[in-house]
Amino acid sequence: THIANKDFRVTVGKGKLAYDCSILNISGTSFGAISPPAITSLNQAARMGGFAHNTGEGSLSPYHEKGGGDSIWQISTGYFGCRDKKGNFCAKTFSEKALKKQVKMIEIKLSQGAKPGHGGMLLAPKVTEEIAQTRGIEVGKDCISPAKHKEFSSPLQLLKFVEKLRKL
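Going along each chain's sequence as written, the residues are numbered from 1 onward. Thresholds applied to this predicted model are a pLDDT of at least 70 for local features of residues and 80 or more for the giving and counting of side-chain atom pairs; totals over whole chains, interfaces and linings are not thresholded and use all residues. Computation of side-chain values: all heavy atoms of the structure, hydrogens and water removed.

Time to look at the packing of aromatic side chains. The description of two aromatic rings rests on the distance between their centres and on the angle between their planes. Only rings of Phe, Tyr and Trp enter the pairing, Trp through its six-membered ring, and a pair is recorded when the two centres are within 6.5 Å. The plane angle decides the type: under 30 degrees is stacked, over 60 is edge-to-face, the rest tilted. All told, the structure shown has 7 aromatic pairs when counted by the stated rule. Relative to Phe94, the ring of Phe89 lies with its centre 5.7 Å away and its plane at 50 degrees, an arrangement referred to as tilted. Like Phe89, the residue Phe94 is buried in the burial classification. Plain terms: the ring middles of Phe89 and Phe161 are 5.3 Å apart, the flat faces sit at 80 degrees to each other, and that makes the pair edge-to-face. Taken together, the positions of Phe89 in the loop between strand 4 (70-75) and helix 3 (91-98) and Phe161 in helix 5 (residues 155-167) put the pair 72 residues apart, joining distant regions of the chain. Residue burial is assigned from relative accessible area. The probe radius is 1.4 Å, only protein chains are included, and a residue is buried under 20% of its type maximum, exposed over 50%, and partly exposed in between. In DSSP terms, a helix is any run of H or I states spanning at least four residues, a strand is any run of E spanning at least two, and both are numbered starting from the N terminus.

Along the polypeptide, Thr77 turns up in the loop between strand 4 and helix 3. In the analysis that follows, any N or O atom pair within 3.5 Å is treated as a polar contact, provided that within protein one partner can donate a hydrogen and the other can accept it, and provided that, for residues neighboring in sequence, both atoms belong to side chains. Reaching out from Thr77, the side chain makes a polar contact with the backbone oxygen of Pro146 at a distance of 2.5 Å. With sequence-adjacent residues up to four places away left out, Thr77 is seen in contact with Lys109, Leu110, Ser111, Gln112, Ser145, Pro146, Ala147, Lys148 and His149. Here a residue-residue contact requires only that any non-hydrogen atoms of the pair lie within 4.5 Å.

Once that is clear, we can look at the pattern of salt bridges. The term salt bridge refers to a side-chain nitrogen of Lys or Arg lying within 4 Å of a carboxyl oxygen of Asp or Glu. Counted under the stated rule, the structure contains 6 salt bridges. Ionic pairing is found between Lys109 and Glu57, a salt bridge with its closest N-O pair at 3.3 Å. Linking Lys109 in the loop between strand 5 (103-108) and strand 6 (120-122) with Glu57 in the loop between strand 3 (52-54) and helix 2 (62-67), this pair joins segments that are 52 residues apart in sequence. Taking relative accessible area as the criterion, Glu57 reaches 12% and is therefore assigned buried. Between Glu151 and Lys164 there is a salt bridge, and its shortest N-O distance comes to 3.4 Å. Here Glu151 is found in the loop between strand 7 (143-145) and helix 5, whereas its partner Lys164 is found in helix 5, with 13 residues between them in sequence.

And the structure:
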């Protein structure tokens, strides 16, 4: 078999914001779970390779941005990077990040895959000023990713949330 085009891509989205996404990308790598140099290096590799880097639930960090590669911003139950002080989804902060040129797609993580029903946690000693600012949380306090979303709890509500994000 001869493959004429070796740039395997699929179009995601519609209209002027459609994105020709590589079928091979870097999966979620949260700032806070891995180091700033690792985040930047992975994002630079995505830029060099012509694929995208998923932010993981820790939000789009300055280190993802520094790499200059296409990013998939993962929104999870903690709404990190797009939350208010009480941990609720914040349309204003979402829009500010979602409209950055580097953000090519938004991924909604439905629950904590490895810890269903429990949520995730970044322990207080790892919550530095920089991580707190990126995620929109308090410095030096345990960072809890709830087991489920506050914005939706049914398939229909999920679709309404997707539409809300699309409009923002």
